[in-house]
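Below are the chains, spelled out letter by letter.
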Amino acid sequence: MTGSQLYRGFRYPREIISHVVWLYFRFSLSFRDIEELMASRGIVVTYETIRQWTLRFGQQYGAELRRRQPRRGDKWHLDEVVLTIKGKHHYLWRAVDQDGHVLDVLVQSRRDRQAAKRFFRKLLKGLRYVPRVLITDKLKSYAAAKAQIMPGVEHRQHKGLNNRAELSHQPTRQRERQMRRYKSPRHAQRFLSAHGPINNVFRCQRNRLSAQQYRHVRTQAFSLWNEVTDVAKNA
């Protein structure tokens, strides 16, 4: 979809829309927080309009960023955490590579072999390459599913080796608290599908970069964001 089609029917400029969506997915801000931030810059937009923009554009931006991302690492860390949604337990399955980039997420109601197989298939379909190593905790569903989906891949099962995946859940938990829990499995999947790719672009290993390198990486991130949101053509 071209930029003119994407923003057709919206009276606000695409620069404002894309900036608001970036604020929401990049930082732990509520819709009302963003409304106030925009008001401080003389831009009057209601929190309900902001909510509609995040629903309309968040996943599209995230999907385009995912398509443009470089090939990630060949060591995949997988983990799942419990999400309590309207009193019922669901499971957020997440995969990250050895550098901490989120590869994909999937919200499911179960954590059995079939659920693990479904997640593996989603990963392989989206990434289009097979990892060298899988690292998981000792949940037996991983081994059973891997034996059928990726039998030739090395599998290491040890809780202590999987800190990379466990740490990657922290931003999700932080947002869950800010949002006062996810409203439904679909709501969680929709939000996290956009949250991961957007944060992959802007979160780098700052402690490993010099100030000059960090500024360069950050400039590249904003350049990519402007291309994806079609702001670059109108800057």
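Just above, that's the structure.
Rules and cut-offs
For every chain, the first residue of its written sequence is number 1, and the numbers climb from 1 along that sequence. The predicted origin of the model limits local features to residues at a pLDDT of at least 70 and limits the giving and counting of side-chain atom pairs to 80 or more, whereas totals for whole chains, interfaces and linings rest on all residues. For the side-chain quantities, the full set of heavy atoms in the structure was used; hydrogens and water were omitted. Helix and strand definitions follow DSSP, with helices as H or I runs of at least four residues and strands as E runs of at least two, each counted in order from the N terminus. Only protein chains enter the calculation, and the probe is 1.4 Å; a residue is then buried if its accessible area is under 20% of its type maximum, exposed if over 50%, and partly exposed in between. Salt bridges are defined by distance alone: a side-chain nitrogen of Lys or Arg within 4 Å of a carboxyl oxygen of Asp or Glu.

Draft legend 1. Representation of the side chain of Gln189. One can find Gln189 in helix H9 (residues 185-202). According to the relative accessible area criterion, Gln189 is buried, its value standing at 16%.

Draft legend 2. Here's a closer look at the environment of Ala147. Its place among the elements puts Ala147 in helix H6 (residues 140-149). Judged by its relative accessible area of 48%, Ala147 is partly exposed. In sequence terms Ala147 and Pro197 are 50 residues apart; their C-alpha atoms lie 29 Å from each other.

Draft legend 3. Here's a closer look at the pattern of salt bridges. Under the counting rule described, the total for this entry stands at eleven salt bridges. We note a salt bridge from Glu227 to Arg68, for which the minimum N-O separation is 3.1 Å. Within this pair, whereas Glu227 is found in helix H10 (residues 211-228), its partner Arg68 is found in helix H4 (residues 47-68), the two being separated by 159 residues in sequence. For Arg68, a relative accessible area of 37% translates into the label partly exposed.

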